[in-house]
Amino acid sequence: MSRIDYDEIKSKFADFVRTWKTKDTSSVHQFAFDGVSCRFSCCPHSNNEWDKIEGLKTFISTYPKTDVLQIAIYSYACRINGDEAQQMCHVICEAENDRDDSNLMDVFYHENCVASHWKKMDGTWKMDEIHLDVYPFYWTVDSIYDYFKQTWYLGSKLAIPQEDGRLPAIEGEYDLPWIRIPEAEDVLTEIEKIKDTAAQLYLSADYLVNDYRLITRSNYLNTNSTRYSFEEGKRTNVGSLRYKRQKDRYWAHPYKFESIQFNDDHTWARVKIYRVFGWKQRNHEYVWTRENVNIEHMCMAGYQDFVFEDQRWKVARNSMKLGIYETGPYQESLYGDII
C-alpha cells in the first residue's frame, strides 16, 4: 500500500462532507458502495432507518438547510491494511441563519463524529460502512434547534433508558481505527503520528475506550503545574473522567494543531494546540455576526508535550487555558489543522 491510498481516502471523505452543503447526491457512488451499511444517530425512528445507498442519499439530500454551513474536520485518523481501512474524525459544523433586523446570526453549533470502513475494489476506495453521531452542542435561539428537529432526531443529552433516549451510532470497541485495524501499514509522517496519538487518546475518551487513554499517555504525565509520580498522572487523569463520561450520550474533544517544535534527536515535541469544540464558556458564549461568519473560533488554547516512549509518541504534559480564540478563516480543504 502506498501513501496514495491514504490520500485518496482522505480526499474522498472530504468530498462526502462537502455534500452536506450542496445536498447533491450525484457523486455518492464515487465514495460509497450500493450496499453501504449506514447508522445515523439523527435518523427519525432508529439509527438504522437510513440504510444502504438510498439511506445515505437521504441523509445528504435532507441535511437541514441554513443560510451558511461552515465545516471543519479535526482528529482525522485512518489506518489501512491491504484492501481495507478504518477512518474516524470529528466534523465541526456551524449552521447559521441571517437575522433580518440585526447583524447577529442565529446558530446551531453541532458536531458530527464519523466512523467509516473502506474497501478497495477495482483499484478504487469506497465506504462499505458509515456510522455517524450528531452532537447538538449549542444554539442561540430555540427556533433553529427546533428547525433541525423537524428532520433529525436529537434526543436526550444523557444516556438514559427511556423513550427520549437512544444509543449512539458509533461503538468505540467496533469503530475506533486502532481496534478495527490493529496492524496498520506505516504511511504516516512523523507529525501525523503525533496527531494520530492525540486522535487515539481523545476519540477513545469520547467513546469510552479507557485502555487507549492509558497507552497514549506517558508514564510520567503531568498536567499544568501539578507534578505526579510514576503513572500517577495517568491514574488521576483517567479516573477523574471515566464515570463523568458514562452518563453523557456524546463527548467531543477535537484539537487544532498549529505548530510543532522538536528537540534535536526527535524524542520530544511541543505542539501549539487549540481545543476546537466542546466547552461552553462559563461567563459568555461566542457571538456570531455577519463579519465573523467565515472565522473559526476555539474554546481552549495552549501547549501539549509529546515524548517518544515505548516505541511510539505519547502525551507527557498539557498546559491549556480556557477562553475564546479566533484562529482565522475556514480552510477550503475542510481540514482545519495548520500542520
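Everything numeric here is computed off the predicted structure, so don't read it as measured data.

Colleague: For this particular structure, what's the right way to read helix 1 (residues 3-22)?
Modeller: Residues lying three or four places apart along an α-helix face the same way, a consequence of the helix completing one turn every 3.6 residues. With 20 residues, helix 1 should reach 28 Å at 1.5 Å per residue; the first-to-last C-alpha distance of 29 Å fits that figure. Looking only at helix 1, the buried set comprises Asp5, Tyr6, Glu8, Ile9, Lys12, Phe13, Ala14, Phe16, Val17, Thr19 and Trp20. Next to the buried residues of helix 1 lie helix 2 (52-61), strand 2 (68-81), strand 3 (84-98), strand 4 (105-121), strand 5 (124-139) and helix 6 (190-206). Of the residues one or two after helix 1, Lys23 is the one with positive phi, at around 65 degrees.

Colleague: How should I be thinking about unusual backbone geometry in this particular structure?
Modeller: The phi angle of most residues is negative, glycine excepted, and most peptide bonds adopt the trans form. One non-glycine residue, Asp122, adopts positive backbone phi at about 55 degrees. Along the polypeptide, Asp122 turns up in the loop between strand 4 and strand 5. Judged by its relative accessible area of 82%, Asp122 falls in the exposed class.

Colleague: Would you mind showing me how to read the packing of helix 1 against helix 2 here?
Modeller: When two helices pack together, their arrangement is captured by the angle between the axes and the distance separating the axes. Relative to each other, helix 1 and helix 2 sit at 50 degrees, their axes nearing to 7 Å. The angle between helix 1 and helix 2 places the two elements in the oblique class. Counting all contacts with helix 1, which are made through Phe16, Thr19 and Trp20, the residues of helix 2 involved are Leu56, Phe59 and Ile60. Here the contact of helix 1 with helix 2 is built from residues that sort into five nonpolar, one polar and no charged.

Colleague: Any chance you could explain the pattern of salt bridges here in plain terms?
Modeller: Going through the model one piece at a time under the given rule, you end up with 19 salt bridges. With a shortest N-O distance of 3.2 Å, Arg18 and Asp15 are connected by a salt bridge. Pair noted here: Arg18 and Asp15 are both in helix 1, with a separation of three residues, about one helical turn. Where Lys256 meets Glu296, a salt bridge forms, and the shortest distance between an N and an O atom there is 3.6 Å. Placement of Lys256 in strand 7 (residues 255-262) and of Glu296 in strand 9 (residues 295-309) is noted, with a sequence separation of 40 residues between them. Judged on exposure class, the residue Lys256 and its partner Glu296 are both buried.

Colleague: Help me understand the nonpolar core in this model?
Modeller: Nonpolar side chains tend toward joint burial in soluble globular proteins. Among the nonpolar cores identified, the biggest contains 50 residues, and Phe13, Phe16, Trp20, Phe40, Leu56, Phe59 and Val91 are the most heavily contacted of them. Contributing elements (two or more residues each) for this core: helix 1, strand 1 (32-40), helix 2, strand 2, strand 3, strand 4, strand 5 and helix 3 (142-149). In terms of residues, this core owes the most to one element, helix 1, which gives seven residues. Ignoring any residue separated from it by four or fewer positions in sequence, one finds Val91 in contact with Phe13, Val17, Trp20, Ile71, Ala72, Ile73, His110, Glu111, Asn112 and Val114. Residues Ala72, Val107, Tyr109 and Phe277 belong to the second largest nonpolar core, which totals 19 residues.

Colleague: Just checking my understanding: could you explain the packing of aromatic side chains for this structure?
Modeller: We describe a pair of aromatic rings using the distance from one ring centre to the other and the angle between the two ring planes. By the definition in use, this model includes 33 aromatic pairs. Taking the centre distance of 6.4 Å and the plane angle of 50 degrees together, the rings of Phe13 and Tyr76 count as tilted. One end of the pair, Phe13, is in helix 1; the other, Tyr76, is in strand 2, with 63 residues separating them in the sequence. Across the pair, exposure class does not vary: Phe13 and Tyr76 are buried alike. The lysine or arginine in question, Arg270, covers the ring of Tyr303, its NZ or CZ lying 5.9 Å from the ring centre.

Colleague: Explanation requested: helix 2 in the structure shown.
Modeller: Inspection of helix 2 places Ile53, Gly55, Leu56, Phe59 and Ile60 among the buried residues, and these make up the whole buried set. Viewed along the axis of helix 2, the buried residues span an arc of 160 degrees, placing them on a single side of the element. The elements touched by buried residues of helix 2 are helix 1, strand 1 and strand 5.

Colleague: What is the right way to read the pairing of strand 5 from this model?
Modeller: Consecutive side chains along a regular strand alternate between the two faces of the sheet. Counting buried positions along strand 5 gives 12 out of 16 residues, so the element sits mostly inside the fold. Where strand 1 and strand 5 come together, five bridges link them in parallel fashion. Along strand 5, the bridge assignment pairs Phe40 with Leu132. Alignment of strand 4 against strand 5, held across 14 bridges, turns out to be antiparallel. Bridge pairing in strand 5 links Glu111 to Tyr135.

So, how was this worked out
- Residues numbered from 1 in each chain as written.
- Predicted model: local features only at pLDDT ≥ 70, side-chain atom pairs only at ≥ 80, totals over all residues.
- Heavy atoms only, no water.
- Helix = DSSP H or I, 4+ residues; strand = E, 2+ residues; numbered from the N terminus.
- Expected span 1.5 Å × (residues − 1).
- Buried < 20%, exposed > 50% of the residue type's maximum accessible area, 1.4 Å probe, protein only.
- Contact = heavy atoms within 4.5 Å.
- Axes fitted to C-alpha atoms, helices over the stretch in contact; angles between N-to-C directions.
- Parallel < 35°, antiparallel > 145°, perpendicular 65-115°, else oblique.
- Nonpolar A, V, L, I, M, F, W, Y, C, P; charged D, E, K, R; others polar.
- Salt bridge = Lys/Arg side-chain N within 4 Å of Asp/Glu carboxyl O.
- Core = buried A, V, L, I, M, F, W, Y, C linked by side-chain atoms within 4.5 Å.
- Phe/Tyr/Trp six-rings, centres within 6.5 Å; stacked < 30°, edge-to-face > 60°.
- Lys NZ or Arg CZ within 6 Å of the ring centre and 35° of its normal.
- Arc of directions from axis to C-beta.
- Pairing = 2+ DSSP bridges.

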